[in-house]
Amino acid sequence: MAEKILIVDDEPDMLKLLSMILREKTPYEITTTNNPIEAVELAKEGNFDLVITDLKMPGLDGLQLLEEVKKRDEDVPVIIIITAYGTIDAATEAIEKGGFDFITKPFKKEQILFTIEKALKWLRVQRENRMLKEKLKEV
């Protein structure tokens, strides 16, 4: 089963670009929204493996979205933050709050694809590790 990715950005052109890149170059199931409030609900209901979110959005910014998604008790998706407002402080805050990576716009297609692959590989290892630990408890 293909991993599921949620893309959140208030700019429709960025949503289209990211969606197009991922649909053409990856086997993943892609869902997009330009509404960060809706994204929280989608993340809670959708069992996403990865969330890619813009940092600056009206209503709920990317860091607040990250915090809301991380509140879940079950398997939490990996979160990558993208922004045109890249500063060391913003990147540090995103990683400290549990973000996987921080990418500044404009980015190259290869950069986003590499980061997604790296994040999903890390997630697979984490899940396998958790499963093996559960098996060890049974012995």
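Bear in mind that the values here come from a model prediction, so they are computed numbers and not experimental data. (Residues numbered from 1 in each chain as written. Predicted model: local features only at pLDDT ≥ 70, side-chain atom pairs only at ≥ 80, totals over all residues. Heavy atoms only, no water.)

Student: What am I meant to see in the overall build of the protein chain here?
Tutor: Counting secondary structure elements, the protein chain contains five helices and five strands. Relative to the 2.2 N^0.38 estimate, which gives 14 Å for 139 residues, the radius of gyration of the protein chain is 15 Å and therefore close to what a compact globule would have. Taking the principal axes of its C-alpha atoms as reference, the protein chain extends roughly 50 × 30 × 30 Å. Across the 139 residues that make up the protein chain, the buried fraction comes to 42%. Within the protein chain, counting contacts between residues at least 6 apart in sequence, those at least 24 apart form 65% of the total. For the protein chain, the accessible area works out to roughly 8000 Å², and carbon and sulfur atoms hold 53% of it. The averaged location of the 27 negative side-chain charges in the protein chain is 4 Å from the averaged location of its 21 positive side-chain charges. (Helix = DSSP H or I, 4+ residues; strand = E, 2+ residues; numbered from the N terminus. Rg over C-alpha atoms; globule rule 2.2 N^0.38 Å. Buried < 20%, exposed > 50% of the residue type's maximum accessible area, 1.4 Å probe, protein only. Contact = heavy atoms within 4.5 Å. Areas by Shrake-Rupley, 256 points an atom, 1.4 Å probe, with all protein chains shown as cover. Lys, Arg positive; Asp, Glu negative; His and termini not counted. Charge placed at Lys NZ, Arg CZ, Asp CG, Glu CD.)

Student: Before we go on, may I ask you to explain the packing of helix 1 (residues 12-25) against helix 5 (residues 109-138) in this structure?
Tutor: Where helix 1 contacts helix 5, the axes come no closer than 11 Å and their chain directions differ by 65°. With respect to helix 5, the axis of helix 1 lies roughly perpendicular. Along this stretch, helix 1 crosses helix 5, giving a crossing that reads as right-handed. For the pair formed by helix 1 and helix 5, the contact residues are Leu 18, Ile 21, Leu 22 and Lys 25 on the first element and Lys 109, Ile 112, Leu 113 and Ile 116 on the second. Broken down by class, the residue content of the contact of helix 1 with helix 5 amounts to six nonpolar, no polar and two charged. (Axes fitted to C-alpha atoms, helices over the stretch in contact; angles between N-to-C directions. Parallel < 35°, antiparallel > 145°, perpendicular 65-115°, else oblique. Left-handed = near helix turned anticlockwise from the far one by under 90°. Nonpolar A, V, L, I, M, F, W, Y, C, P; charged D, E, K, R; others polar.)

It is worth stressing that arrangement in space is one thing and function is another; only the former is reported here.
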